[in-house]
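For reference, the chains in residue letters:
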Amino acid sequence: MARLQGHVLGFGMLFCTLSLWVGSSVALQLVYNGTSHFGKPMFVSVFNTCTYVVCLLPSLFSSTLTWRSLTSVLPLSASVGLLWLGSACIFNMSLEYTSVATNTVISSSSSVFTFVFSLIICRDPFRWSSFVAAVLSLLGCSLVAAQAPQNVSKSAVTNSNFGDLLALVSAGMFALSSVLLRKHAPQDLDMNSYMGVTGLLALTAAPALLYTADAFAWERFVAPSPRVFAALTANALFGCTLANYFYNSALLLLSPLVANMCLSLSIPLSALTDEFVLGQHRFSAAWMVGASTVAAAVVV
């Protein structure tokens with residue numbers, strides 16, 4: 001009974017996660033390509049991760065925050081947490097070069113990477129159903145990548161192979177961080193401490209990361225306007241911190257493969273949002289077939 005309740009809670013958290021992530025992707029494309037034109041994916045990624053520190057507030061207010069609780073999760077935050085930051089940075093970069101819907105589908109290839117990493121790192125038993133699901137996901141992603149959606153507005157992001165590649169690399173790093181979290185997280189992991197310490201590390205490293213990016217002309221530092229800052233803050237708290245808290249919790253209640261497969265259900269949501277809410281792209285029948293193939297992997 002307890003296991004069933006855990007699964008129900010996990011799937012509920014995943015539904016909240018995919019809704020928040022799709023909304024976050026839409027918000028970032030509007031920030032990147034809207035009237036503000038604030039195309040700073042590294043700044044956004046670092047800023048988002050820094051907001052993880054709010055996860056420490058409940059423990060701080062209840063006086064249960066201790067040095068021991070922080071240091072106990074430090075190795076996990078310094079490895080898996082920062083790998084997650086790298087994945088998020090590359091994902092946010094890809095939004096400048098590919099549509100929300102195509103990005104979502106290619107990101108769903110993380111289930112293929114998760115399947116492979118789970119076999120190698122966690123020594124999970126080989127299951128034919130998981131293998132077939134991973135193959136379906138890979139085939140669907142390949143078909144989608146080959147079918148660029150039609151732009152229907154001047155502000156629409158034009159899909160590119162570079163954007164697809166960034167989304168694919170991000171998916172692999174995301175899958176690796178998910179599997180490593182499951183592998184190394186203790187049974188009684190305090191998710192608030194883990195995410196809070198990851199935020200503290202990002203906050204500490206932020207000046208050096210942003211200075212390096214500016215010095216090497218990877219991304220020129222420009223302070224956001226008050227309006228953009230307010231939008232980024234709302235997106236960071238809900239589309240990043242809250243969504244990732246739900247995802248990490250669901251990951252431990254279910255499994256990395258199940259969690260990543262279920263997130264493929266964000267595909268129809270992202271396509272509807274891209275075409276009917278943003279009004280930026282129109283998708284071909286072949287694109288829909290590819291997206292449906294990826295979504296079918298969840299059923300398998």
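Look up: the structure comes first, before these words.
Below or above, wherever it landed, is the structure these notes cover.

Some words on the overall build of the protein chain
And then number 1: A count of helices and strands for the protein chain gives 13 helices and two strands.
And then number 2: Going through the 300 residues of the protein chain one by one, you find that 49% of them count as buried.
And then number 3: Of all intrachain contacts in the protein chain linking residues separated by at least 6 positions in sequence, the fraction that spans at least 24 positions is 88%.

What to know about unusual backbone geometry
And then number 1: Not every positive phi belongs to a glycine, and R123 is a case in point at roughly 60°.
And then number 2: With respect to the secondary-structure elements, R123 resides in the loop between α6 (110-120) and α7 (128-145).
And then number 3: Phi is positive for A217, which is not a glycine, with a value near 60°.
And then number 4: Along the chain, the position of A217 falls in the loop between α9 (191-215) and α10 (226-253).
And then number 5: Residue class for A217 comes out partly exposed when judged on its relative accessible area of 47%.

Quick word on the packing of helix α4 (residues 67-94) against helix α8 (residues 161-184)
And then number 1: The geometry of α4 relative to α8 is characterised by a closest axis approach of 8 Å and an angle of 160° between their N-to-C directions. Considering the angle they form, α4 stands roughly antiparallel to α8. For the pair α4 and α8, the crossing hand works out as left-handed.
And then number 2: Of the residues contributing to the contact of α4 with α8, the split by class is 15 nonpolar, eight polar and no charged.

Overview of the nonpolar core
And then number 1: Membership of the largest hydrophobic core comes to 27 residues, with the highest contact counts inside it found for L14, L76, L181, L189, Y194 and Y247.
And then number 2: Among the elements of the structure, α1 (2-33), α4, α8, α9, α10 and α11 (256-262) are those that each provide at least two residues to this core.
And then number 3: The contact partners of L181, leaving out residues within four places of it in the chain, are L76, V80, L189, Y194, N248 and L251.
And then number 4: Membership of the second largest hydrophobic core comes to 12 residues, among which are L28, F38, V44 and L210.

Here's the deal with a nonpolar patch on the surface
And then number 1: Together, V54, L57, L60, F61, L237, F238 and L242 line one region of the surface with nonpolar side chains, adding up to about 630 Å² of accessible area.
And then number 2: When residues of the nonpolar patch are traced back to their parent elements, those giving at least two are α3 (57-61) and α10.
And then number 3: Assignment of secondary structure puts V54 in the loop between α2 (41-50) and α3.
And then number 4: Owing to a relative accessible area of 33%, V54 belongs among the partly exposed residues under this scheme.

A few points about the packing of α4 against α9
And then number 1: It is at 8 Å that the axes of α4 and α9 come closest, and there the two elements cross at 65°. When the interaxial angle is binned, α4 and α9 end up roughly perpendicular. Our pair here, α4 against α9, has a crossing hand that is right-handed. On α9, the residues that touch S69, L70, V73, L74, L76, S77, A78, V80, G81 and L82 of α4 are S193, Y194, V197, T198 and L201.
And then number 2: A per-class count over the contact of α4 with α9 returns 10 nonpolar, five polar and no charged.

What counts and what doesn't
- Residues numbered from 1 in each chain as written.
- Predicted model: local features only at pLDDT ≥ 70, side-chain atom pairs only at ≥ 80, totals over all residues.
- Heavy atoms only, no water.
- Helix = DSSP H or I, 4+ residues; strand = E, 2+ residues; numbered from the N terminus.
- Buried < 20%, exposed > 50% of the residue type's maximum accessible area, 1.4 Å probe, protein only.
- Contact = heavy atoms within 4.5 Å.
- Axes fitted to C-alpha atoms, helices over the stretch in contact; angles between N-to-C directions.
- Parallel < 35°, antiparallel > 145°, perpendicular 65-115°, else oblique.
- Left-handed = near helix turned anticlockwise from the far one by under 90°.
- Nonpolar A, V, L, I, M, F, W, Y, C, P; charged D, E, K, R; others polar.
- Core = buried A, V, L, I, M, F, W, Y, C linked by side-chain atoms within 4.5 Å.
- Patch = residues over 30% accessible without salt bridge, like charges linked within 9 Å, V, L, I, M, F, W, Y side chains within 5 Å.
- Areas by Shrake-Rupley, 256 points an atom, 1.4 Å probe, with all protein chains shown as cover.
- Salt bridge = Lys/Arg side-chain N within 4 Å of Asp/Glu carboxyl O.

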